[in-house]
Amino acid sequence: MTVPDPAPTPVPASVRTPLRTQIFQVSTLYGAATLAAALDAGQFGRAVDSHRILLVSNNAAVPETALRLEEMRGYGSLAARFDAVVDWNEAISPHHPGGWGPRSEETVLWQRAFRLAWDIAPEAPVDLAVESIQVNPARALAAIFSESAVHVYADGLMTYGPTRNRMPQSIACRIRRVLHLDLVTGLRPLLLAEAGVEPELVPDDAFRAVLSEIAAAAEGDKGLAAAEAAAPTAMLLGQYLAALTILTPEEEEDLHIRMLRGAARAGHTSILFKPHPTAPARYSRALDEAAAELGVRLTTLDSPLLAETLYERCAPTLVVGCFSTAMFTAAAYYGIPVARVGTRLVLDRITPYENSNRIPLTITDHLVPDLDAQVGGAVPHLPRTPPDTLAPLVRTVGYCMQAKLHPGLRPGAEAWLREHLDPTTQHYFKRRRLQSLTLPGGGPRGAAVRLRRTVRRTRSTLGL
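All values derive from a computational prediction rather than experimental measurement. Position numbers for residues count from 1 along each chain, tracking the sequence in the order it is written. The predicted origin of the model limits local features to residues at a pLDDT of at least 70 and limits the giving and counting of side-chain atom pairs to 80 or more, whereas totals for whole chains, interfaces and linings rest on all residues. Each side-chain value is derived from all of the structure's non-hydrogen atoms; neither hydrogens nor water enter the calculation.

### Thoughts on the pattern of salt bridges
The term salt bridge refers to a side-chain nitrogen of Lys or Arg lying within 4 Å of a carboxyl oxygen of Asp or Glu. Tallied over the entire structure, the rule returns 24 salt bridges. Among the salt bridges present, the one from Glu213 reaches Arg81, with a minimum N-O distance of 2.8 Å. With Glu213 in helix H7 (residues 204-217) and Arg81 in the loop between helix H2 (75-79) and strand E3 (84-87), this pair connects stretches of sequence that are 132 residues apart. Arg103 is paired through a salt bridge with Glu106; the nearest N and O atoms lie 2.6 Å apart. One connected set of salt bridges, linked through shared partners, spans Asp40, Arg81 and Glu213. Each helix is a run of H or I in the DSSP string that is no shorter than four residues. Each strand is a run of E no shorter than two, and both are numbered from the N terminus.

This is how it looks when you write it as structure tokens:
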């Protein structure tokens, strides 16, 4: 007779191992889509093995007047992947997410407070997935949950550039990886490379599926219906550079009009303009006047939709922008030709030289056709694999931006500048920056500084 095994004795709740909590911090729908794709691809483990919190942050200068993430079409579908949603702005009110960080002596208290408010057991392990680890709120979260592993996800072109500033070792040693989209195939991110952090691709098919999901969720939106009815063949991505004092409002308005004229010159008669969510209404009026002069149909989008939803539903044959990540999404995931306008003007204006937008601008300028230079006809597709000239250029610009973080890039930067710096590439660099780093192209002053340094080293070696 076989005696059955006794039933296992239940483990008291008080001694069970607490479920791991994963906190995912987002501020944009595009970023949330990136995280959703990573989750779907299993890059954060199984859902049953952890408690997942979506931490939503509104980083606009005046959050009360800005479009909220939950107002974007498709947000609900993405939020359903998480067990709870928390509003970071409310959690730290009245402070602003971009400016607030805990004092070092208060981090333990803040962690206890958030664990209590977000129903996280005191002993439960916590993992963080954050964007823009160089600044708040990511830095604040990393400081508060000081024992947590940190996963950085990057949803744009800035991931290919260097880290904005040196990470404290207490944070750098906990960063496990940089998750990013394959927007420029074969180009290796510089972000956090100085800390030995490895990049990891979010699968293309997973991200494309999430974009399709978001587009399906926009069904019934009046703005989308109007855009579809117009059957636009070209789409213009509005910029918001005046607020950053990079361009004047008049220059930014002219930038949009140049996009419109270039699209019309390329043969497009029905054009869709997607303004920045906080762009002034006068931009669309100025474009309406220009469209009337050109005899083209212009439709201005007034709904909270991702650009990618319009790619999916309207299938444009051209996307025009300055240096938007959405241009590369159009090319990489939808096979849509893209063109740039105004990139060199912005390259010349952005300050300081280490501004993180410099790498996206450099990549766009180097790869994307200049619409102003098109004499007519179809704009060519971007090659799926970029030319071999791109990576050395990005590394050289990256070194000039953050030389102290990447001293190992100097020999390559010197070689590139000696061989390639000329009137066709000078716009990627500032002479004063080359001088300060004593690099080729810095002019006589740079050569003199290099000579003085050589003399000092020689005298020191000889004990003089």
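### Remarks on the packing of aromatic side chains
Geometrically, a pair of aromatic rings is defined through the distance of the ring centres and the angle of the planes. Aromatic pairs are defined between Phe, Tyr and Trp rings, using the six-membered ring for Trp, whenever the two ring centres lie within 6.5 Å; interplanar angles under 30 degrees are classed as stacked, those over 60 as edge-to-face, and all others as tilted. Inspection of the entire model under this criterion finds 13 aromatic pairs. Where Tyr311 meets Tyr334, the ring centres are 5.5 Å apart and the plane angle is 70°; that geometry is what we call edge-to-face. Of this pair, Tyr311 sits in helix H11 (residues 307-314) while Tyr334 sits in helix H12 (residues 325-334), placing them 23 residues apart in sequence. Definition used: whenever NZ (Lys) or CZ (Arg) falls within 6 Å of the ring centre and also within 35 degrees of the ring normal, the charge is taken to sit over that ring. Between Arg177 and the ring centre of Phe44, over which it is positioned, the NZ or CZ distance is 4.7 Å. Note that Arg358 overlies the ring of Tyr353, its terminal NZ or CZ placed 4.1 Å from the centroid.

### What to know about the sheet that holds strand E1 (residues 20-26)
At least two DSSP bridges between two strands are required for those strands to pair. If you trace the 7 strands from one edge of the open sheet to the other, you get E3-E2-E1-E4-E5-E6-E7, paired in parallel fashion. Among the strands making up the open sheet, the edge pair consists of E3 and strand E7 (199-201). Neighbour to neighbour, the strand axes of the sheet diverge by 25° on average, direction disregarded. Pairing analysis gives 5 bridges linking strand E5 (residues 149-154) to strand E6 (residues 175-180), with the strands arranged parallel. The partner of Ala154 across the bridge, within E6, is His180. Angles run from 0 to 180 degrees between N-to-C directions of axes, and those axes are lines fitted to C-alpha atoms, restricted for helices to the stretch in contact.

### Some words on the packing of helix H8 (residues 222-230) against H11
Direction vectors running N to C along H8 and H11 enclose 45°, while the axes themselves pass 10 Å from each other. Classified by the angle between their axes, H8 and H11 sit oblique to one another. Of the two possible hands of crossing, H8 and H11 adopt the one that is right-handed. Residue-level inspection shows Leu224, Ala227 and Glu228 of H8 in contact with H11, the latter providing Leu310, Arg313 and Cys314. Among the residues forming the contact of H8 with H11, the class breakdown is 4 nonpolar, no polar and 2 charged. What sets the label is the angle itself: under 35 degrees gives roughly parallel, over 145 gives roughly antiparallel, 65 to 115 gives roughly perpendicular, and the rest give oblique. By convention, the crossing between two helices is left-handed when the near helix turns anticlockwise from the far helix through less than a right angle, and right-handed when the turn is clockwise. Note on contacts: a residue pair qualifies if any of its non-hydrogen atoms lie within 4.5 Å across the two residues. Only Asp, Glu, Lys and Arg are considered charged, only Ala, Val, Leu, Ile, Met, Phe, Trp, Tyr, Cys and Pro nonpolar, and every remaining residue, Gly among them, polar.

### Some details on empty space enclosed by the protein
A cavity here means a set of 1 Å grid points, computed over protein atoms only, where a 1.4 Å probe fits but cannot escape. A pocket is an open set with protein on both sides within 12 Å along at least 5 of 7 lines, and lining residues have an atom within 4 Å of a point. Grid points are joined across faces, edges and corners, and a volume is the space filled by probe spheres set on the points. Throughout the structure, instances matching the rule amount to 1 cavity of 30 Å³ or more. Approximately 30 Å³ is the volume found for the largest cavity. Among the secondary structure elements, those contributing two or more residues to the lining of the largest cavity are helix H1 (29-40) and H2. Per element, the largest residue contribution to the lining of the largest cavity is 3 residues, and it comes from H2.

### Some details on the side chain of Arg174
Mapping Arg174 onto the fold places it in the loop between helix H6 (169-172) and E6. Buried within the structure, Arg174 lacks any salt-bridge partner; Glu147 is the closest side chain of opposite charge, at an N-O distance of 7.0 Å. Residues within four places of Arg174 in sequence aside, it is in contact with Ala142, Phe145, Ser146, Glu147, Ser148, Ala149 and Val150. Three exposure classes are used, based on accessible area relative to the maximum for each residue type with a 1.4 Å probe and protein chains only: buried under 20%, partly exposed in between, and exposed over 50%. Positive charges come from Lys and Arg, negative ones from Asp and Glu, while His and the chain ends are left out of the count.

### Thoughts on the pairing of strand E8 (residues 234-237)
Side-chain alternation along E8 places Ala234 and Leu236 on one buried face and Met235 and Leu237 on a second face that is also buried. Direction of pairing for E8 relative to strand E9 (residues 270-274): parallel, over a ladder of 4 bridges. Each bridged residue has a counterpart across the sheet, and for Leu236 the counterpart in E9 is Phe273. If you view a crossover with the strands going away from you and the path from the first strand over the helix to the second runs clockwise, you call it right-handed. For the crossover that starts at E8, traverses helix H9 (residues 249-265) and ends in the parallel E9, the hand is right-handed. Bridge count for E8 against strand E11 (residues 318-321) is 3 bridges, and the pairing is parallel. From the neighbouring strand, Met235 faces E11, where its bridge partner is Val319.

The analysis is restricted to geometry; functional conclusions fall outside its scope.
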